[in-house]
Amino acid sequence: MTMTTIAPVQRLRLLRELERKVLWLSAWTVHHANHIRPNRDGLKVGGHQASCASLATVMTALYFSVLRPEDRVAVKPHASPVFHAIQYLFGHQTRDKLERFRGLGGAQSYPSRTKDDDDVDFSTGSVGLGVAMTLFSSLVQDYVRLKSLSDSTRPTGRMVALVGDAELDEGNIFEALLEGWKHDVRNLWWVIDYNRQSLDGVVNDRLFGRIGEMFELVGWRVVTLKYGKLLEAAFAQPDGAELRQWIDDCPNSLYSALVFKGGAGWREALTRDLNQYPGIRRILEQHDDASLHALMTNLAGHDMQAVLDSFESIDDDRPTCFIAYTIKGQGLPFAGHKDNHSGLMTLDQMAGFKKAMGIADGLEWEKFAGLTVSPGELQAFIDGAPFNAEGRRRTDAPVVAIPAALPRPSDKKASTQEGFGKILNAIAAEDSELARRIVTTSPDVTVSTNLGAWVNRRGLWAHTEAEDVFRELKVVSAQLWRKTPRGQHLELGIAENNLFIQLAAMGLSHQLFGARLLPIGTLYDPFIARGLDALNYACYQDARFMIVATPSGVTLSPEGGAHQSIHTPLIGIGQPGLLSYEPAYVDELAVLMRHGLDYMQQDKGGSVYLRLSTRSLPQPQRTLTPAQGADIVAGGYWYAAPEPGADVAIVAMGAVTPEAIVAHESVVRDFAGAGLLVLTSPDRLHADWLSAQRNRGRTVGRIDNSASPVERLLAPLSRDARLVTVLDGHPLALSWLGSVRGQRVVPLGIESFGQSGDIPDLYRAYRLDSAGIIDAVARAIA
Ligand SMILES: Cc1ncc(C[n+]2csc(CCOP(=O)(O)OP(=O)(O)O)c2C)c(N)n1
Ligand SMILES: [Mg+2]
């Protein structure tokens, strides 16, 4: 049976049955986890039965009728049980995992691309981010389509977000909306579950008028699904207009409270306010309490026909916001109650609900129990759902081969930031697969992070061609900002949230659209913090990208404390899914960029963070051997090797390395054999050290083989050698080194806010200059 052959009435009937089933399964999944499954720790398991009920109609309509395989969906986090129920009906989710909902290995509390295996398109959880993710994914879909990087026979998908109304309080949504408008975003549907309730209570009445206008302001179509077919029919009766006006004027809190009270409550309120109208008296007489309640709660977001009509009325690619009026907890005992967000049905309430759903004991997980349509008919309908025509929908794309070495600029003096720009510029000049697959993006710091040369060669991306006006008018500028669909740089406004969500979308292009991209995003290092939740979100989804953050630390000197990043090295260590490096020299950077572009594509890889500097350093005149390259990738190397058994070493990272070199030259005069260790990645060293220790627990007797890079690096030093560590960032990033072999550390770095000054002054003030390092060595020895 396919959608085209089924009669509309029949389809409506089947969808209503499935809606009941989806509501039941979502409520039961949460109930089972909280009340049936043994609880070992006394903690509430939780789950959101009311939030699920709110979206049951919309999601049933979408998944079983409206969506197509090429569409991609971000589901409101707390509607996860509805999503899993639908996947269960499709046969992509198991009963076992539903029974273990919110347990180890079970269906996840919030849909997760990496932890659920039932075809989640976008993870959600931190409200607002999944919504924006659909917008940036739509841009990526167009990016790969316009360049013919994806399968051109595949229809263009709609990127759909199922949005809780309170999610719209998150500012990142509006940051995304503006960016979407600038980039002429298309094929985007945001369905707002307008239940007028958030976590704490009922939302402000006046808010949504404005919200609709905001969408229209940025070119969206707004479709409001307010009243269902029953209410529309009542409004058409004599005095029906009075009823409509009454509901329109009804404050959100009063409406919610009446929903909770039910038929008698409605009767009392309507009698009090509208008894003078004969038509209203007639409506009240014609309805018993139960049917009056059904009438008054017949909002379009719970009216299957109204929902289908709205979705099916759209046949173009203009971004569309559906504001679906719904009831939080619709069909459940706590519908409308302002405290229902994390409310769970009691055992008694569940018993009543189960009875009303017609589910016999023991048949709670049966797919078709309690329904009035034959299982065969329902199964055929589910099997014929267009969305499920191809089964699971995750795509893949081959790895892009990265050359053995990237071009290496040979300047005698350079900053890592300049080096980054030159390496990319050299790649841009090539006609290579690598050059074609790189896509860059930046939140208004393209030029100041040295992406300018790349953009000049590769162009800005846009749906349509646009010349650089300055160029046309022959105004001299180093930047050529021509926009074309072939362009490979996506320029964003200043919003780091947008940057990271854009990178998340680009970094999933192989799995979402079957086209491999190598995304590189640049920003100022301190402003990683502005988008940190979005960065975490991107990593949580296992998106693959490279972030290049300059300038960093107090080395930025005259710019001052507001632009100087202190604790980003700790973010680099602490953020799962993100491998961080901080090279001192350009030849190291070239090795690390090469490694990063490859690592980004490996199954067991991840994203990469390069913390760079604008400080121009004399470059070592050396040709790195493959072994040295491997050390740089592994996280560090001896710049000046210690003598075996040496009692002291300086450990430096990044822009302050020259100070360490000077200090070292002085220190070796007193302590012959002192070493200078240059680190490129405490993150990588730390991770490999922990993993080696874990493995050692398992394989006894192979200690040398399983020594991690940091253990090998520190091995030549004496057992109680002193380490003086120094970086332009928080000292904690390196102070753990002392635990590797029990050697004592004096950690130098920045613990307070930066300030303006020149490098000599600032390094002196923060004790990072060579005198400070020598002093620390003396203290360490003493
Ligand atoms: C960034 C973030 N802050 C806070 C929360 C906690 N939280 C979860 S749901 C929610 C309110 C959701 O209300 P709404 O979006 O209207 O969804 P509903 O349950 O009403 O459908 C909050 C504050 C969160 N998940 N993410
Ligand atoms: Mg809500």
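It should be emphasised that the depicted structure is a prediction, and the values quoted were computed from it without experimental measurement. (Residues numbered from 1 in each chain as written. Chains lettered and ligands numbered in written order. Predicted model: local features only at pLDDT ≥ 70, side-chain atom pairs only at ≥ 80, totals over all residues. Heavy atoms only, no water.)

### Describing the sheet that holds strand β2 (residues 159–164)
Reasoning step 1: Across the sheet, which stays open at both edges, the five strands sit in the order β1-β2-β3-β5-β4 with parallel pairing between neighbours. The sheet terminates laterally at β1 (72–74) and β4 (221–225), the two strands that pair on one side only. Shown here is a sheet whose adjacent strand axes are inclined to one another by a mean of 15°, direction ignored.
Reasoning step 2: Pairing of β2 with strand β3 (residues 188–194) involves six bridges; the strand directions are parallel. What sits directly across from Val 163, in β3, is Ile 192.
Reasoning step 3: Sheet strands touched by helix α7 (residues 207–217): β3, β4 and β5 (320–325). Its angle to β3, the strand with the most contacts, is close to 180°. (Pairing = 2+ DSSP bridges. Helix = DSSP H or I, 4+ residues; strand = E, 2+ residues; numbered from the N terminus. Axes fitted to C-alpha atoms, helices over the stretch in contact; angles between N-to-C directions. Contact = heavy atoms within 4.5 Å.)

### Concerning the site of ligand 1
Reasoning step 1: Around ligand 1, 18 residues are found, and the nearest of them are Ser 51, Lys 76, Asp 165, Gln 197 and Lys 328.
Reasoning step 2: Separating an oxygen atom of ligand 1 from a side-chain N or O atom of Lys 76 is a distance of 2.6 Å.
Reasoning step 3: Within the side chain of His 341, one N or O atom sits 3.4 Å away from an oxygen atom of ligand 1.
Reasoning step 4: Burial of ligand 1 by the surrounding chains reaches 75%, relative to a free accessible area of 590 Å².
Reasoning step 5: Partitioned by chemical class, the residues of the shell around ligand 1 number three nonpolar, nine polar and six charged. (Near = heavy atom within 4 Å. Polar contact = N/O pair within 3.5 Å; in protein donor to acceptor, adjacent residues only side chain to side chain. Areas by Shrake-Rupley, 256 points an atom, 1.4 Å probe, with all protein chains shown as cover. Nonpolar A, V, L, I, M, F, W, Y, C, P; charged D, E, K, R; others polar.)

### Describing the nonpolar core
Reasoning step 1: Trp 190, Leu 243 and Trp 246 are the most contacted members of the largest nonpolar core, which totals 87 residues.
Reasoning step 2: Looking at this core, the element that brings in the most residues is helix α5 (residues 129–146), giving 10 residues.
Reasoning step 3: When sequence neighbours within four positions are dropped, the list of residues in contact with Leu 243 reads Leu 231, Ala 234, Phe 235, Leu 270, Leu 274, Ile 280, Ile 283 and Met 296.
Reasoning step 4: With 72 residues, the next largest nonpolar core counts Val 66, Val 73, Ala 79 and Ile 314 among its residues. (Core = buried A, V, L, I, M, F, W, Y, C linked by side-chain atoms within 4.5 Å. Buried < 20%, exposed > 50% of the residue type's maximum accessible area, 1.4 Å probe, protein only.)

### Quick notes on the coordination of the magnesium ion (ligand 2)
Reasoning step 1: Protein coordination at the magnesium ion (ligand 2): the donors are Asp 165 (OD), Asn 195 (OD1) and Gln 197 (O), at 1.9 to 2.2 Å from the metal.
Reasoning step 2: Counting along the primary sequence, the residues that act as donors to the magnesium ion (ligand 2) give the motif D-x29-N-x1-Q. On the criterion of sequence distance, the pair formed by Asp 165 in the loop between β2 and α6 (171–182) and Gln 197 in the loop between β3 and α7 is long-range, its members being 32 residues apart.
Reasoning step 3: Overall, Gln 197 belongs to the buried group, its relative accessible area being 2%. (Donors = N, O, S within 2.8 Å, 3.2 Å for Na, K, Ca; no water.)

### With respect to the pairing of strand β14 (residues 607–611)
Reasoning step 1: Counting buried positions over the five residues of β14 gives five, a clear majority of the element.
Reasoning step 2: Residues Ser 607, Tyr 609 and Arg 611 line one face of β14 and the alternating positions Val 608 and Leu 610 line the opposite face, and both faces are buried.
Reasoning step 3: Alignment of strand β12 (residues 546–549) against β14, held across four bridges, turns out to be parallel. Bridging from a neighbouring strand, Ile 547 pairs with Tyr 609 of β14.
Reasoning step 4: Bridge count for strand β13 (residues 578–581) against β14 is four bridges, and the pairing is parallel. Paired with Ser 580 across the strands is Tyr 609, a residue of β14.
Reasoning step 5: At this point the chain moves from β13, through helix α25 (residues 586–599), to the parallel β14, and the crossover so formed is right-handed. (Right-handed = clockwise from strand over helix to strand, strands pointing away.)

### Thoughts on the packing of α5 against helix α21 (residues 496–506)
Reasoning step 1: Close contact between α5 and α21 brings their axes to 8 Å; oriented N to C, the two are set at 60°. Here α21 runs oblique to α5, going by the angle between their axes. Note on packing geometry: the crossing formed by α5 with α21 is right-handed. Of the residues in α21, those touching α5 at Leu 129, Ala 132, Met 133, Phe 136, Ser 137, Leu 139 and Val 140 are Asn 498, Ile 501, Gln 502, Ala 504, Ala 505 and Met 506.
Reasoning step 2: Among the residues forming the contact of α5 with α21, the class breakdown is 10 nonpolar, three polar and no charged. (Parallel < 35°, antiparallel > 145°, perpendicular 65-115°, else oblique. Left-handed = near helix turned anticlockwise from the far one by under 90°.)

### A word on the pattern of salt bridges
Reasoning step 1: Under the criterion given, the structure shown has 38 salt bridges.
Reasoning step 2: Ionic pairing is found between Lys 354 and Asp 361, a salt bridge with its closest N-O pair at 2.6 Å.
Reasoning step 3: One salt bridge in this structure joins Asp 542 and Arg 544, with 2.9 Å as the shortest N-O distance.
Reasoning step 4: Overall, the relative accessible area of 31% leaves Asp 542 in the partly exposed class.
Reasoning step 5: Here the salt bridges do not stand alone but share partners, grouping Asp 431, Glu 433, Arg 436 and Arg 437 into one network. (Salt bridge = Lys/Arg side-chain N within 4 Å of Asp/Glu carboxyl O.)

### Examining the side chain of Thr 134
Reasoning step 1: Locating Thr 134 in the fold gives a position in helix α5.
Reasoning step 2: A distance of 2.8 Å separates a polar atom in the side chain of Thr 134 from a polar atom in the side chain of Trp 190.
Reasoning step 3: Every residue in contact with Thr 134, bar those within four places of it in the chain, is listed here: Ala 74, Phe 122, Met 159, Val 160, Ala 161, Leu 188 and Trp 190.

### Focus: helix α9 (residues 240–249)
Reasoning step 1: The complete set of buried residues in α9 reads Gly 240, Leu 243, Trp 246 and Ile 247. Along the axis of α9, the buried positions cluster into a sector of 120°, meaning they face one direction only. Along α9, exposed side chains directed more than 90 degrees from the buried face belong to Ala 241 and Asp 249.
Reasoning step 2: Where the residues of α9 are buried, they touch α8 (229–235), α10 (252–261), α11 (263–274), α12 (278–286) and α13 (289–296). (Arc of directions from axis to C-beta.)

### Some details on the environment of Ala 233
Reasoning step 1: Residue position: Ala 233 is located in helix α8.
Reasoning step 2: Taking relative accessible area as the criterion, Ala 233 reaches 40% and is therefore assigned partly exposed.
Reasoning step 3: Taking the C-alpha atoms as reference, Ala 233 lies 9.9 Å from Leu 295; in sequence the two are 62 residues apart.

### Structural notes on α10
Count 3.6 residues to each turn of an α-helix, and residues three or four apart come out pointing the same way.
Reasoning step 1: Among all positions in α10, only Asn 252, Tyr 255, Ser 256, Leu 258 and Val 259 are buried. Around the axis of α10, the buried residues are gathered within 165° of arc, so they sit on the same side.
Reasoning step 2: Tucked inside the fold, the buried residues of α10 contact β3, α9, α11 and α13.
Reasoning step 3: Gly 262 occupies a position one or two residues after α10 and carries a positive phi of about 90°.

### Points about the side chain of Ser 26
Reasoning step 1: Mapped onto the secondary structure, Ser 26 falls in helix α1 (residues 8–36).
Reasoning step 2: Assessed through its relative accessible area of 1%, Ser 26 is described here as buried.
Reasoning step 3: Once residues within four sequence positions are removed from consideration, Ser 26 is found in contact with Cys 52, Pro 81, Val 82 and Ala 85.

### Description of the packing of aromatic side chains
Reasoning step 1: Counted by the stated rule, this structure contains 19 aromatic pairs.
Reasoning step 2: With a centroid separation of 5.4 Å and 15° between ring planes, the pair formed by Trp 24 and Trp 28 is classed as stacked. A residue pair is termed a helical-turn pair when its members lie 3 or 4 positions apart in one helix, as Trp 24 and Trp 28 do in helix α1 at four residues.
Reasoning step 3: Look at Trp 28 and you get buried, because its relative accessible area is 5%.
Reasoning step 4: On the basis of an interplanar angle of 15° and a centroid distance of 5.4 Å, the ring pair of Trp 189 and Phe 311 is categorised as stacked. With Trp 189 in strand β3 and Phe 311 in helix α14 (residues 304–312), this residue pair connects regions lying 122 residues apart in the sequence. Taken as a pair, Trp 189 and Phe 311 share a single burial class, namely buried.
Reasoning step 5: Site record: aromatic cluster; members linked through ring pairs are Tyr 63, Phe 64, Phe 83, Phe 90 and Phe 387.
Reasoning step 6: Looking at Lys 147, its charged tip hangs above the ring of Tyr 143, at a distance of 3.3 Å from the centre.
Reasoning step 7: The positively charged end of Arg 196 is found above the aromatic ring belonging to Tyr 194, 5.5 Å away from the centroid. (Phe/Tyr/Trp six-rings, centres within 6.5 Å; stacked < 30°, edge-to-face > 60°. Lys NZ or Arg CZ within 6 Å of the ring centre and 35° of its normal.)

### What to know about a nonpolar patch on the surface
Reasoning step 1: A contiguous nonpolar patch, built from Val 469, Phe 470, Leu 473 and Val 475 and spanning about 410 Å² of accessible area, is present on the exposed surface.
Reasoning step 2: Relative to the assigned elements, Leu 473 resides in the loop between α20 (469–472) and β9 (483–484). (Patch = residues over 30% accessible without salt bridge, like charges linked within 9 Å, V, L, I, M, F, W, Y side chains within 5 Å.)

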